[in-house]
Amino acid sequence: MTLDPITLEILNNKAAAVTEEMCVTLQRTGRTLYVKETADFACALAGLDGRFFAYPRFIGVSGFVGLECAPTIEAVGDLEPGDVILTNDPYYSHGLATHLPDLQLIAPYFHDNRIVAYGWCFVHCSDIGGRVPSSISPTNHEIYQEGLRIPPVKLMRRGELNGDVALFLNANSRTPDANMGDIRAMLAALDTGSRRIRQIITQHGAQTLLDAQAELTAYAEKKARDVLGRIPAGTYRFVDYLDDDAVSALPVRLSLALTIGDGTIHLDFTGSDPQVAAAMNIPSRGRPHAWLTLRILAMIHTLDPTAPLNAGLLRPVSITAPAGTIVNPDEPAATGVRHAAAIRVNDVLNGALGLALPAAMPAASSGTVIPVVVAEPNDRGGRNVQVVEPMIGGTGARQGVDGIDGRDSGISNLANNPVETVEAELDIEILRYGLRPDSGGAGRWRGGCGMELSFRILKDGTNVLGRGMERLLFRPWGRNGGRPGLPGSLVVNEGSLGERWLGKIDVLDVGAGDIVTFRTPGAGGWGNPRERDPALVLSDVLNGFVTIDGARQNYGVVIVADAVDEAATLALRAAWTTEERVVDFGPERAAWDEVFDAGAMDTLNAHLLTLPLVRRQRYRRDIFAETLGQLPKGFPCARADEQAKADARDDFVRTVASLKG
């Protein structure tokens, strides 16, 4: 049966509305801040193939359209009405779950004794056990440290809660009541989906619902191929780095060769670093996983917003993700902070697509999401664990449009938490939560500003965690003459005798009176900043996005008494010479690339993957230590003269070349 276009559009809107109502149900009945305020959850409807044919457009995490439920469903065997599957394990679920705090529920929806669809939802729970409060630590090196692993099991059997599963959950969490409150909200959301599916069947019939599942995804696929067919065919290469792997000072490389042609797109991550002995690995299982394809999804839906939001959008996408790399790690690699690497994958996709579509794609966004967690002792001898804020930065500028300040929905659309709610849940005092002036990359179109969050601790014995801190070293890059944004930072008791400037943290011990300040990076600018309209620079200064000094130094605009000094501005800009780059990575990345040759890096990573897993990291560290030993301590932040960099480069290339034998 082929549905007529009107019926198909009606069912597309009805199914999307069902998922959004499921999300509203979950949010309004959820227990924790991360559900009620931040909205770190999602709901969807899956077809009989386990892929999503309907996904919410306006609420919840936006990036999981490409997840697959089929392996999890198959793992539990036969299903009956009232059954609900639970899992959180990235390996057992084949990437449906991507780290242990994300609890996944799947419910079969029956009609006349047969399954006609599945409801799915997830929430990020407060704590699933493991080594640290909130379960996520960047320094975990295997998944066993990250909490309770739950393979696909039946949480509900014929409508009754499986008490044994609930017992294991509660016994392994620091926040059992909060977890169970959010699980019950998920069950309510799945029940909402079930009721609405029955209504659709009553109105349109079960077979029409089944036909719509296939035809909606096929229609989305056609829309995606049409968009991809408009992009110039070719292969586009882009490389970006994570600052480090949180257990060493070595940057982590993500390499992409993106090939477009005939309405398809292939992503080849060959040349990316091996999996790290830390929690930043993306458990894709070698598939076109949601975390590896999100930028493609966003681009397609931006260039054709009429396309249905479902798994069909990703059918034209294929992938090469070598086993044992950071984008396809071998078990038991830790994955708790996988979003840090996923954001950088977003950046390399954005960078490669920008080579194909320079007028459409933006400069780099802030490149970080930092769920700032506070864990404080409670009166019962336990811990109160809450997310203060999912800190983000700005959005990259693109041709004709400034970036968005303090907002970046690159990998999700998490909301911020109201200050009043945070202070009601935790013994902290928020001192400042606002934009960070001059952090956005200068350009004809300015990059979005980063954020600043400063809070005072009111209770001794408190811990602060900031998982996913990135872009502290390598800046968000600018494009087509635009400048990079400022890097991020973390400082405790700034301006006092006890001031401490920190890098990435695992568990930070703080006490009553300590002041903790997180600053996130600004996004990259687009176009030569000398070409920015001085009136726009003045507006930025008056609105607090740019300082008077920043206007002079970064834009060549002189502002006196809240007005542009036109003569001084013309003189300053006339004397200003700038080097325009297609991509401006900033001085730190430029220095790094001068030493660590791209071709040699490809060769090194190919060789590392031939070694046993237990030898790769040590071998890699030894090779880099030999080269970095010839450079100033703190390189690439510390400057090295040109001869030193050239000698180190030659040594690195020779060392890697010798590996071929």
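About the cut-offs
Residues numbered from 1 in each chain as written. Predicted model: local features only at pLDDT ≥ 70, side-chain atom pairs only at ≥ 80, totals over all residues. Heavy atoms only, no water. Phe/Tyr/Trp six-rings, centres within 6.5 Å; stacked < 30°, edge-to-face > 60°. Helix = DSSP H or I, 4+ residues; strand = E, 2+ residues; numbered from the N terminus. Buried < 20%, exposed > 50% of the residue type's maximum accessible area, 1.4 Å probe, protein only. Lys NZ or Arg CZ within 6 Å of the ring centre and 35° of its normal. Arc of directions from axis to C-beta. Contact = heavy atoms within 4.5 Å. Polar contact = N/O pair within 3.5 Å; in protein donor to acceptor, adjacent residues only side chain to side chain. Salt bridge = Lys/Arg side-chain N within 4 Å of Asp/Glu carboxyl O. Pairing = 2+ DSSP bridges. Axes fitted to C-alpha atoms, helices over the stretch in contact; angles between N-to-C directions. Core = buried A, V, L, I, M, F, W, Y, C linked by side-chain atoms within 4.5 Å. Parallel < 35°, antiparallel > 145°, perpendicular 65-115°, else oblique. Left-handed = near helix turned anticlockwise from the far one by under 90°. Nonpolar A, V, L, I, M, F, W, Y, C, P; charged D, E, K, R; others polar.

Caption draft 1: The arrangement of the packing of aromatic side chains in detail. Applying the stated criterion to the full structure yields 18 aromatic pairs. Ring geometry for Phe596 and Phe652: centres 4.9 Å apart, planes at 80°, overall edge-to-face. Separated by 56 residues along the polypeptide, Phe596 in the loop between α13 (587-595) and α14 (598-608) and Phe652 in helix α16 (residues 642-658) bring together distant segments of the chain. Of the two residues, Phe596 and Phe652, neither departs from the other in class, the shared state being buried. Grouping aromatic residues by their ring pairs yields a cluster made of Tyr241, Phe474, Trp592, Phe596, Phe624, Phe635 and Phe652. Here the basic side chain of Arg589 rests over the ring of Phe585, its NZ or CZ set 4.0 Å away from the ring centre.

Caption draft 2: Quick look at helix α4 (residues 163-171). Of all the positions in α4, only Val165, Ala166 and Leu169 are classed as buried. End-on view of α4: buried residues confined to an arc of 100°, all on one side of the axis. Counted as exposed and oriented over 90 degrees from the buried face of α4: Asp164, Leu167, Phe168 and Ala171. In the core, the buried residues of α4 are packed alongside β3 (84-87), β6 (153-157), β7 (160-161) and α5 (176-204). Sitting at the amino-terminal end of α4 is Asn162, which places a side-chain oxygen 3.2 Å from the backbone nitrogen of Asp164.

Caption draft 3: Quick peek at the pattern of salt bridges. Per the counting criterion, the structure on display carries 40 salt bridges. Across the salt bridge formed by Asp83 and Lys154, the nearest N and O atoms sit 2.9 Å from each other. Linking Asp83 in the loop between α3 (70-75) and β3 with Lys154 in strand β6, this pair joins segments that are 71 residues apart in sequence. A single burial state applies to Asp83 and to Lys154, both of which are buried. One salt bridge connects Asp584 with Arg581, and the closest N-O pair in it is separated by 3.6 Å.

Caption draft 4: Broad picture of the side chain of Thr87. One can find Thr87 in strand β3. Separated by 3.4 Å, the side chain of Thr87 and the backbone nitrogen of Asp89 make a polar contact. Side-chain polar atoms of Thr87 contact the backbone oxygen of Ile150, separated by 2.8 Å. Those residues in contact with Thr87, other than ones at most four positions away along the chain, are Thr72, Ser93, Leu96, Asp102, Leu103, Gln104, Ile150, Pro151 and Pro152.

Caption draft 5: The arrangement of helix α10 (residues 534-542) in detail. Burial in α10 covers these residues: Val537, Leu538, Asp540 and Val541. End-on view of α10: buried residues confined to an arc of 160°, all on one side of the axis. On the buried face of α10, the contacting elements are α11 (548-555), β22 (559-560) and β23 (563-564). At the exit of α10 stands Gly544, carrying a positive phi of roughly 90°.

Caption draft 6: Region of the structure containing the sheet that holds strand β16 (residues 462-466). Within the open sheet, the four strands sit side by side as β13-β12-β16-β20. Their pairing is antiparallel. Edge positions in the sheet fall to β13 (383-391) and β20 (508-510), since each of these pairs with one other strand and no more. Pairs of neighbouring strands in the sheet enclose a mean axial angle of 25°, with direction left out of account. Bridge count between strand β12 (residues 370-377) and β16: four bridges; the pairing is antiparallel. Bridge pairing links Val372 to Gly466 in β16.

Caption draft 7: The arrangement of the pairing of strand β4 (residues 102-111) in detail. Judged by how many residues are buried, β4 sits mostly within the fold: eight of 10 residues are covered. Here three bridges tie β3 to β4, and the two strands are oriented antiparallel to one another. Counterpart to Thr87 in the pairing with β4 is Gln104. Where β4 lies against strand β5 (residues 114-124), 10 bridges are found, and the strand directions are antiparallel. In the sheet register, His111 faces β5, and the bridge partner there is Arg114. With antiparallel pairing between neighbouring strands as the criterion, β4 and β5 make up a hairpin whose turn holds two residues, including Asp112 at a positive phi of roughly 50°.

Caption draft 8: Geometry of the sheet that holds β5. Taken together, the seven strands give an open sheet; going across it, the order is β2-β1-β5-β4-β3-β6-β7, and neighbouring strands pair in antiparallel fashion. Edge strands, defined here as strands with exactly one partner in the open sheet, are β2 (52-54) and β7. By the bridge criterion, two bridges tie β6 to β7 in an arrangement that is antiparallel. Within β7, the residue paired with Met156 across the bridge is Leu161. Across the sheet, helix α6 (residues 206-228) touches β2, β4 and β5, and the angle it forms with β5 is around 55°.

Caption draft 9: Focus on the nonpolar core. Grouped together as the largest cluster of nonpolar side chains are 87 residues, with contacts concentrated most on Trp120, Leu258 and Leu267. Ranked by residues supplied to this core, first place goes to helix α8 (residues 338-356) with 10 residues. Core analysis: the second largest hydrophobic core is formed by 54 residues, Leu45, Leu100, Cys121 and Ile143 among them.

Caption draft 10: The arrangement of the packing of helix α1 (residues 5-29) against α5 in detail. Direction vectors running N to C along α1 and α5 enclose 155°, while the axes themselves pass 8 Å from each other. As the angle between them shows, α1 and α5 are arranged roughly antiparallel. For the pair α1 and α5, the crossing hand works out as right-handed. For the pair α1 and α5, the contacting residues are Ile10, Leu11, Lys14, Val18, Glu21, Met22, Thr25, Leu26 and Thr29 in the first and Gly181, Ala185, Met186, Ala188, Ala189, Leu190, Thr192, Gly193, Arg196, Ile200, Gln203 and His204 in the second. Class assignment for the residues of the contact of α1 with α5 results in 11 nonpolar, seven polar and three charged.

Caption draft 11: Quick peek at the packing of α5 against α6. With their axes 7 Å apart at the nearest point, α5 and α6 run at an angle of 110° to one another. In terms of their interaxial angle, α5 and α6 are classed as roughly perpendicular. Of the residues in α6, those in contact with Ile197, Ile200, Ile201 and His204 of α5 are Ala206, Thr208 and Leu209. Counted by class, the contact of α5 with α6 contains five nonpolar, two polar and no charged residues.

Caption draft 12: Here's a closer look at the environment of Leu472. With respect to the element layout, Leu472 can be found in the loop between β16 and β17 (478-479). Along the chain, Leu472 and Leu242 lie 230 residues apart, while their C-alpha atoms are 9.4 Å from each other. Apart from residues no more than four positions distant in its own chain, Leu472 is found in contact with Asp243, Pro487, Gly488, Ser489, Gly503 and Lys504.

Caption draft 13: Representation of the environment of Asp402 within the structure. Mapped onto the elements of the fold, Asp402 is located in the loop between β13 and α9 (419-425). By relative accessible area, Asp402 is classed as partly exposed at 26%. On a C-alpha basis, the gap between Asp402 and Pro362 in space is 9.5 Å, while along the polypeptide they are 40 residues apart. Each residue touching Asp402, except ones within four places of it in the same chain, is listed here: Ala397, Arg444, Trp445, Arg446 and Arg532. Engagement of the side chain of Asp402 in a polar contact is seen with the backbone nitrogen of Arg446, the distance being 2.9 Å. Of the polar contacts made by the side chain of Asp402, one reaches the side chain of Arg532; its length is 2.8 Å.

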